[in-house]
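# Structural overview
This is what each chain is made of:
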Amino acid sequence: MSRARNRADGDFGDLDITNIGAVSLDSIKGDTDANTSIAFSGSDVITFTTNSSTAATFNASQILTLSGNLIVPNGGQIGSVSDTDAVSIGSDGDVTLTQDLELQHDGATLSFGANDEVSLTHVHDTGLQ
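Residues numbered from 1 in each chain as written. Predicted model: local features only at pLDDT ≥ 70, side-chain atom pairs only at ≥ 80, totals over all residues. Heavy atoms only, no water.

Next up on the list: the confidence of the model for the protein chain. One rule of thumb: low pLDDT means the predicted coordinates there are not for detailed reading. Averaged over every residue, the pLDDT of the protein chain is 83; the share at 70 or more is 79%. Element-level mean pLDDT values for the protein chain span from 62 in strand E1 (residues 23–25) up to 94 in strand E10 (residues 118–123). (pLDDT = per-residue confidence, 0-100. Helix = DSSP H or I, 4+ residues; strand = E, 2+ residues; numbered from the N terminus.)

Right under this line is the structure:
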């Protein structure tokens, strides 16, 4: 391609474009108000924008940052390659862990009840209080 055009429609198949710098999609099919976009920057960051605000980014370290909530479906799971259901969330909101719960810092507190009326606090070199 020797010259960029303002609009391109059609099937581009296996088109391979390299060394073009930043790429930005300023409208997504079906987005009638054009305030949704996906931008691929030269700094290895992919930014998803909805309602003209950043919704999520992927960076070069493969870290996903969300600007809002992460919602897991009823009966959904969060895990890793070796433990795909490490955290399961039931339809009633109960959370189940497949491994031990570890609070790995001095002064860690585990609270119980709607108002945290009962708690266990780790006291360094002493135990629980």
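Having seen the model, we can carry on.
A sheet is described by the order of its strands in space; here 3 strands give the open sequence E6-E7-E8, paired in antiparallel fashion. In this open sheet, the two strands that pair with only one neighbour each are strand E6 (76–78) and strand E8 (95–97). The average undirected angle you get between the axes of adjacent strands in this sheet is 20°. Inspection of the sheet shows strand E7 (residues 87–89) paired to E8 by 3 bridges, in the antiparallel sense. The partner of Ser88 across the bridge, within E8, is Thr96. (Pairing = 2+ DSSP bridges. Axes fitted to C-alpha atoms, helices over the stretch in contact; angles between N-to-C directions.)

Below, the discussion takes up the environment of Gly107. Along the chain, Gly107 turns up in the loop between E8 and strand E9 (109–112). In this structure, the C-alpha to C-alpha distance between Gly107 and His122, residues 15 residues apart in sequence, is 4.9 Å.

To continue, consider the sheet that holds E10. Pairing within the open sheet is antiparallel, and its 3 strands lie in the order E9-E10-E11. Both outer strands of the open sheet, E9 and strand E11 (127–128), are each paired with one neighbouring strand and no more. In terms of strand pairing, E9 meets E10 through 4 bridges, oriented antiparallel. The residue of E10 that forms the bridge with Ser111 is Ser119.

Let us look at the pairing of strand E3 (residues 46–50). What you see with E3 is a clean split: Thr47 and Thr49 sit on the buried side and Ile46, Phe48 and Thr50 on the side with no burial. Relative to E3, strand E2 (residues 37–40) runs antiparallel, the two sharing 4 bridges. Looking at the pairing, Ala39 lines up with Thr47 of E3. Summarising the sheet, E3 and strand E4 (residues 53–58) pair through 5 bridges and their orientation is antiparallel. By the bridge assignment for E4, Thr49 is matched with Thr54. (Buried < 20%, exposed > 50% of the residue type's maximum accessible area, 1.4 Å probe, protein only.)

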